[in-house]
Amino acid sequence: MIRRLLAAALAVLATGTVAVVLQRPEPASADLRGREPLVIGHRGASAHRPEHTLLSYEAAIALGADYIEPDLVSTRDRVLVARHENEIGGTTDVENHHEFADRRTTKTIDGVPITGWFTEDFTLAELRTLRAEERIPDLRPDNTAFNGLAQIPTFDEVVQLARRSGVGVYPETKHPSYFDSIGLSLEEPLLEVLGRHGWNGRRAPVFIQSFETANLRELSRRTRVPLIQLITATGAPYDWVAAGDPRTYDSMLTPAGLREVAGYAAGIGVDTRRLVPVGPDGRLLQPTTLVKDAHRAGLKVHTWTVRNENAQLPVDFRLGNPDSPAFPRATGNVMGWLEKLYGLGLDGVFADDPGMARAVRERLS
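A brief structural summary. (Residues numbered from 1 in each chain as written. Predicted model: local features only at pLDDT ≥ 70, side-chain atom pairs only at ≥ 80, totals over all residues. Heavy atoms only, no water.)

## A word on the overall build of the protein
(1) Moving on: A count of helical and extended segments in the protein gives 13 helices and 13 strands.
(2) Moving on: The C-alpha atoms of the protein give 20 Å as radius of gyration, which agrees with the globular expectation for 365 residues (21 Å, within 12%).
(3) Moving on: Looking at the protein residue by residue over its 365 residues, the buried ones come to 55%.
(4) Moving on: Sequence-distant contacts in the protein: of pairs separated by 6 or more residues, those separated by 24 or more amount to 68%.
(5) Moving on: Summed over its atoms, the accessible surface of the protein is roughly 15400 Å², and 51% of this surface lies on carbon and sulfur atoms.
(6) Moving on: Where the 42 positive side-chain charges of the protein centre and where its 47 negative ones centre are 7 Å apart. (Helix = DSSP H or I, 4+ residues; strand = E, 2+ residues; numbered from the N terminus. Rg over C-alpha atoms; globule rule 2.2 N^0.38 Å. Buried < 20%, exposed > 50% of the residue type's maximum accessible area, 1.4 Å probe, protein only. Contact = heavy atoms within 4.5 Å. Areas by Shrake-Rupley, 256 points an atom, 1.4 Å probe, with all protein chains shown as cover. Lys, Arg positive; Asp, Glu negative; His and termini not counted. Charge placed at Lys NZ, Arg CZ, Asp CG, Glu CD.)

Given below as structure tokens:
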């Protein structure tokens, strides 16, 4: 099985083919996910294609992802599209479109001033004239070969692709408080798209995730789709910050905090550093008890994000000559890192290279 998976993955990456290379049944429901940890294609297969494009999602499916992850933001005409941020200067060729030069502006998003072009200032038709580009070309120069080939996909298109391919979707609502503040709430169109495709029940192959809490609580009253509370290594949910609530994400990870999260969510999605802390020298410390603690509270645990490049791996799993200029973008011992994470008993992993995550999972099982 491993040889077949790796051979298929190599064929996909060598030829650029995006046809599905694994035979798939209907996607397992989100409720039936306990036997093996899920492989979640982070923004698709963003190690191999520009993120949040159909090219990336198709590659993730071909490489064996169980779920594909679109981050969702809104257009001016209330269509949800897949972008990591609503600022699109770093992920599209918008700067080359002189007709949109006057759309460049500065906005405060979650308390941070950001200058660029924003999806909420464009109609879908206008966004369709843009083409996607690699967000981190210095680390992923090979992905720049695909610059200019893909449009920004709508959430509806991502769901259609997932349904055709037998995988699930794992959408994230980006900056929900901000979008509420400008009259472009994300939750209603999200549920409308899922409902139109019949993916609106507890057993639908869907997870909805958010770094904020208020919108998840609202969603818990409006849908039976499983919800995931995202938790960063530091900081606090922006809706708490905006409300003057002094609590941080740390408070969610106490026994009482986990029980509270379990009142509205099916699981937590945590930074890997919450599972295996990193010391001042960049090396890993002893794992925490978070997986066991969350399971005791009835919560699933998914972790993010496993990436291939040395620059994005713990020091313990970097490979090669640190003095080489190619060292930061060289592939490290990502398989060893995945094996360590799987060994903690978690329920899912977000990976930029879902083929690697799938192959390691198959070997271990």
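After that view, the rundown keeps rolling.
## Quick word on the pairing of strand E13 (residues 348-351)
(1) Moving on: Residue alternation in E13 divides its side chains into two sets, Gly348 and Phe350 and Val349 and Ala351, and both sets are buried.
(2) Moving on: By the bridge criterion, four bridges tie strand E1 (residues 38-41) to E13 in an arrangement that is parallel. Bridged to Gly41 within E13 is Ala351.
(3) Moving on: In terms of strand pairing, strand E12 (residues 300-306) meets E13 through three bridges, oriented parallel. (Pairing = 2+ DSSP bridges.)

## Comments concerning helix H13 (residues 354-364)
(1) Moving on: Counting buried residues along H13, nine of its 11 residues qualify, which places the element largely inside the surrounding structure.
(2) Moving on: When H13 is considered as a whole, its buried residues turn out to be Pro354, Gly355, Met356, Ala357, Arg358, Ala359, Val360, Arg361 and Glu362.

## Observations regarding the environment of Ala266
(1) Moving on: Within the secondary structure, Ala266 is located in the loop between helix H9 (255-262) and strand E11 (267-271).
(2) Moving on: With 164 residues separating them along the chain, Ala266 and Asp102 place their C-alpha atoms 43 Å apart.

## Concerning the packing of aromatic side chains
(1) Moving on: Evaluation of the coordinates by the stated rule reveals eight aromatic pairs.
(2) Moving on: Here the aromatic rings of Tyr67 and Tyr170 are separated by 6.2 Å at their centres, their planes lie at 80 degrees, and the arrangement is edge-to-face. Of the two residues, Tyr67 is situated in strand E2 (residues 67-68) and Tyr170 in the loop between strand E7 (168-169) and strand E8 (172-173); the sequence distance between them amounts to 103 residues. By the burial criterion, Tyr67 is buried, and Tyr170 matches it.
(3) Moving on: Ring centres of Tyr67 and Phe207 lie 5.3 Å apart, and the angle between their planes is 50 degrees; on these two criteria the pair is classed as tilted. One end of the pair, Tyr67, is in strand E2; the other, Phe207, is in the loop between helix H6 (187-196) and strand E9 (208-210), and 140 residues separate them in sequence. (Phe/Tyr/Trp six-rings, centres within 6.5 Å; stacked < 30°, edge-to-face > 60°.)

## Comments concerning the nonpolar core
(1) Moving on: One finds Ile68, Val169, Leu194, Ile208, Ile268 and Leu338 to be the most contacted residues of the largest nonpolar core, which totals 81 residues.
(2) Moving on: Once residues lying within four places of it in the same chain are set aside, the contact partners of Ile268 are Ile228, Gln229, Ile231, Leu253, Leu258, Val261, Leu290, Ala294, Leu299, Lys300, Val301 and His302.
(3) Moving on: Counting residues in each nonpolar core, the second largest holds nine residues, with Ile40, Ile228, Leu230 and Trp304 among its members. (Core = buried A, V, L, I, M, F, W, Y, C linked by side-chain atoms within 4.5 Å.)

## Side note on the packing of helix H12 (residues 334-342) against H13
(1) Moving on: Axis separation between H12 and H13 bottoms out at 10 Å; the angle between their running directions is 55 degrees. The orientation of H12 with respect to H13, classified from their angle, is oblique. Both H12 and H13 take part in a crossing whose hand is right-handed. Between H12, through Val334, Met335, Leu338, Glu339 and Tyr342, and H13, the contact on the second element is made entirely by Met356, Ala357, Val360, Arg361, Arg363 and Leu364.
(2) Moving on: Partitioning the contact of H12 with H13 into residue classes produces eight nonpolar, no polar and three charged. (Axes fitted to C-alpha atoms, helices over the stretch in contact; angles between N-to-C directions. Parallel < 35°, antiparallel > 145°, perpendicular 65-115°, else oblique. Left-handed = near helix turned anticlockwise from the far one by under 90°. Nonpolar A, V, L, I, M, F, W, Y, C, P; charged D, E, K, R; others polar.)

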